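Chain by chain, the residues run as shown.
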Amino acid sequence: MIPNNRALVPVNEYQQAAIHAVVLVERKKKQGKRIAAFPYAKAFFKVLNNGWGQIRANDIRQISSNYFPEERGGASIAQYIEALDRLIESGGHYSPLPLSGDVAATLFPAYGELCRERRERRWDIKYERKERRLLRDVQQKRRRYQTQLAQAEVELAFATPSTVGAWYAYWSKQDIDEDDLTEGFFAWFERFPRMAGSKLMHFKSRALWAVMEQLKGIEGDLTEAEWVFNALLIPNKLRHASTGKSHG
């Protein structure tokens, strides 16, 4: 079933009168006949009142509910007629004061529906743009975080049990999740046999700062040979750089 606002035929007497008024006036213009002042409004009321040409206060009030001629300072009947004439001439595109806001929807419901759809479409477009902007911001923030986390992991790779405390002191103050630092730390410490054999893994559920405190005790028990061995387990930046050049 076609909704009223989409119907191809008039759905109310006011809409029918408005369409008929436009036809009558345009026909007169094509025929070169003399056009009086406010022809659309006058033709509208003439159709609505079965040929009666005089426009009365009740006619205006029937169309625009805000017409109160007895109120001091209110708009005159002539002003309402002029506004209605411009409304009908524009096909509902322009609804000037002093007409009430519902007059255009009454005479031209299809145009009102079109305006509503356009307005909703503009809202949809605005919402979609906002969503894309928010998504772009989230993606950029995620990329920045991944870059920062990767930098922390790179620096951790070159840390020893003796220097990892300084690494934690710096990165714990950055915008890095504690869980990510903890995961990276426990993956790192397993490369050191002396530490891998300790009970440090039992503290994995604790805060990382507490783990660092336990690490100090383990580090204090290391022998000189173990210190040297741990240092040998760290990647040599200079060696890797020179190796890269030799292959170039």
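Rules used in this analysis
Residues numbered from 1 in each chain as written. Predicted model: local features only at pLDDT ≥ 70, side-chain atom pairs only at ≥ 80, totals over all residues. Heavy atoms only, no water. Phe/Tyr/Trp six-rings, centres within 6.5 Å; stacked < 30°, edge-to-face > 60°. Buried < 20%, exposed > 50% of the residue type's maximum accessible area, 1.4 Å probe, protein only. Salt bridge = Lys/Arg side-chain N within 4 Å of Asp/Glu carboxyl O. Helix = DSSP H or I, 4+ residues; strand = E, 2+ residues; numbered from the N terminus. Polar contact = N/O pair within 3.5 Å; in protein donor to acceptor, adjacent residues only side chain to side chain. Contact = heavy atoms within 4.5 Å. 1 Å grid on protein atoms, 1.4 Å probe; cavity = no way out; pocket = protein on both sides within 12 Å on 5 of 7 lines; lining within 4 Å. Points joined across faces, edges and corners; volume = space filled by probe spheres on them. Nonpolar A, V, L, I, M, F, W, Y, C, P; charged D, E, K, R; others polar. Arc of directions from axis to C-beta. Patch = residues over 30% accessible without salt bridge, like charges linked within 9 Å, V, L, I, M, F, W, Y side chains within 5 Å. Areas by Shrake-Rupley, 256 points an atom, 1.4 Å probe, with all protein chains shown as cover. Lys, Arg positive; Asp, Glu negative; His and termini not counted. Charge placed at Lys NZ, Arg CZ, Asp CG, Glu CD. Axes fitted to C-alpha atoms, helices over the stretch in contact; angles between N-to-C directions. Parallel < 35°, antiparallel > 145°, perpendicular 65-115°, else oblique. Left-handed = near helix turned anticlockwise from the far one by under 90°.

**Quick notes on the packing of aromatic side chains**
Enumeration over the complete set of coordinates arrives at 4 aromatic pairs. Relative to Trp 171, the ring of Tyr 170 lies with its centre 5.0 Å away and its plane at 85°, an arrangement referred to as edge-to-face. Classification of Tyr 170 as partly exposed rests on a relative accessible area of 45%. Ring plane angle 85° and centroid distance 5.2 Å describe the contact between Phe 185 and Phe 186, whose orientation is recorded as edge-to-face. Judged by relative accessible area, Phe 186 falls into the buried class, the value being 2%.

**Re the pattern of salt bridges**
Oppositely charged side chains can form a pair if their charged atoms are brought close together. The tally for this structure, following the rule as stated, stands at 2 salt bridges. The partner of Glu 26 in a salt bridge is Lys 29, and the shortest N-O contact between them spans 3.9 Å. Taken together, the residues Glu 26 and Lys 29, both in helix 1 (residues 13-31) and 3 residues apart, mark about one turn of the helix. Residue classification places Glu 26 among the partly exposed positions, given a relative accessible area of 32%. In this structure, Arg 56 engages Asp 59 in a salt bridge whose closest nitrogen and oxygen atoms are separated by 3.4 Å. Note on Arg 56: relative accessible area 39%, which makes it partly exposed.

**Topic: the side chain of Ser 100**
Along the chain, Ser 100 falls in the loop between helix 4 (77-89) and helix 5 (103-107). A polar side-chain atom of Ser 100 sits 2.6 Å from a polar atom in the side chain of Asp 102. Not counting the four nearest positions on each side in its chain, Ser 100 is found in contact with Ser 64, Ser 65, Asn 66 and Ser 95.

**Considering the layout of surface pockets**
Computed from the structure, the largest pocket encloses a volume of approximately 340 Å³. Taken together, 15 residues form the lining of the largest pocket, with Lys 28, Pro 39, Lys 42, Ala 43 and Lys 46 sitting closest to its centre. Where the lining of the largest pocket is concerned, the elements lending two or more residues are helix 1 and helix 2 (39-48). Across the lining of the largest pocket, the residue classes tally to 7 nonpolar, 2 polar and 6 charged.

**Focus on helix 7 (residues 164-171)**
Those residues of helix 7 that sit buried are Val 164, Trp 167, Tyr 168 and Trp 171. All buried residues of helix 7 lie within an arc of 95° about the axis, which places them on one face of the element.

**Things to note about a negative patch on the surface**
A cluster of like negative charges, contributed by Glu 153, Asp 177, Glu 178, Asp 179 and Glu 183, occupies part of the molecular surface. Looking at the negative patch element by element, the count peaks at 3 residues for helix 8 (residues 178-189). Its location among the elements puts Glu 178 in helix 8.

**With respect to the packing of helix 1 against helix 2**
Packing of helix 1 against helix 2 leaves a shortest axis separation of 8 Å and a crossing angle of 125°. The orientation of helix 1 relative to helix 2 falls into the category oblique. Crossing handedness for the pair helix 1 and helix 2: right-handed. In contact with Glu 13, Tyr 14, Ala 17, Ala 18, His 20, Ala 21, Val 22, Leu 24, Val 25, Glu 26 and Lys 29 of helix 1, helix 2 contributes Pro 39, Tyr 40, Ala 43, Phe 44, Val 47 and Leu 48.

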